[in-house]
Amino acid sequence: RLFDSLLYALPQLANISMLLLLTLFVFGVIGTAFFAKVLIDPQSDFPLSEQFNFKNALNSMVLLFQISTTESWPDVMQACMMNEGNSACRESEGNCGTWVSIPYFLLFMMVANSVALNLFIFVIVDNYME
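Residues numbered from 1 in each chain as written. Predicted model: local features only at pLDDT ≥ 70, side-chain atom pairs only at ≥ 80, totals over all residues. Heavy atoms only, no water.

## Comments concerning the overall build of the protein
Now for step 1: Counting its regular elements, the protein contains four helices and zero strands.
Now for step 2: When the helices and strands of the protein are placed in sequence order, the string is α-α-α-α.
Now for step 3: Against the compact-globule benchmark of 14 Å for 130 residues, the protein has a radius of gyration of 18 Å, which places it well outside the compact range.
Now for step 4: The dimensions of the protein, computed from C-alpha atoms along their principal axes, are 60 × 25 × 20 Å.
Now for step 5: Burial statistics for the protein: of 130 residues in total, 33% are counted as buried.
Now for step 6: Of all intrachain contacts in the protein linking residues separated by at least 6 positions in sequence, the fraction that spans at least 24 positions is 63%.
Now for step 7: Carbon and sulfur atoms provide 66% of the accessible area of the protein, an area that totals close to 8,100 Å².
Now for step 8: Counting 4 positive and 11 negative side-chain charges, the protein places the averaged centre of each group 6 Å from the other. (Helix = DSSP H or I, 4+ residues; strand = E, 2+ residues; numbered from the N terminus. Rg over C-alpha atoms; globule rule 2.2 N^0.38 Å. Buried < 20%, exposed > 50% of the residue type's maximum accessible area, 1.4 Å probe, protein only. Contact = heavy atoms within 4.5 Å. Areas by Shrake-Rupley, 256 points an atom, 1.4 Å probe, with all protein chains shown as cover. Lys, Arg positive; Asp, Glu negative; His and termini not counted. Charge placed at Lys NZ, Arg CZ, Asp CG, Glu CD.)

What follows is the structure in structure tokens.
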């Protein structure tokens, strides 16, 4: 019965997956607008790297997918709000972070984790009850 419920729920789960992809895209574009120039230090164990950064929308979406698994998201948030006092960035070069990272990452975590998880569970339980 559970397997049948999952089979009947596939179209609805595809819709939810598309909603999550759209969420990743929107937050990725916004993240690129705010954090594209944040300094990346390849010599340190910095959470932003050449693969995981906000330089373009695709890299942003990959990083946000990693963050949606709650993997080191506070470190990435802190890296995106670094300033001259606590890092090697320079305001004159425009490669420092901003305080906007706090509401950005908190909102993303609420949307990506809470809403998405509840939607997936709702669809599966709803189809199981039918």
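## Looking at the packing of aromatic side chains
Now for step 1: Taken as a whole, this structure holds nine aromatic pairs when the rule is applied.
Now for step 2: Summarising the aromatic geometry, the rings of phenylalanine 54 and tyrosine 104 are spaced 6.3 Å apart at their centres and angled 75° between planes, so their arrangement reads as edge-to-face. Of this pair, phenylalanine 54 sits in the loop between α1 (2–35) and α2 (57–68) while tyrosine 104 sits in helix α4 (residues 101–129), placing them 50 residues apart in sequence.
Now for step 3: A relative accessible area of 2% means that phenylalanine 54 is categorised as buried.
Now for step 4: Residue classification places tyrosine 104 among the buried positions, given a relative accessible area of 6%.
Now for step 5: Seen from their ring centres, phenylalanine 54 and phenylalanine 105 are 6.2 Å apart, and the 65° between their planes marks the pair as edge-to-face. On the criterion of sequence distance, the pair formed by phenylalanine 54 in the loop between α1 and α2 and phenylalanine 105 in helix α4 is long-range, its members being 51 residues apart.
Now for step 6: The class for phenylalanine 105 is buried, based on a relative accessible area of 0%.
Now for step 7: Within the aromatic cluster, the residues linked to one another by ring pairs are Phe27, Phe34, Phe35, Phe54, Tyr104, Phe105 and Phe108. (Phe/Tyr/Trp six-rings, centres within 6.5 Å; stacked < 30°, edge-to-face > 60°.)

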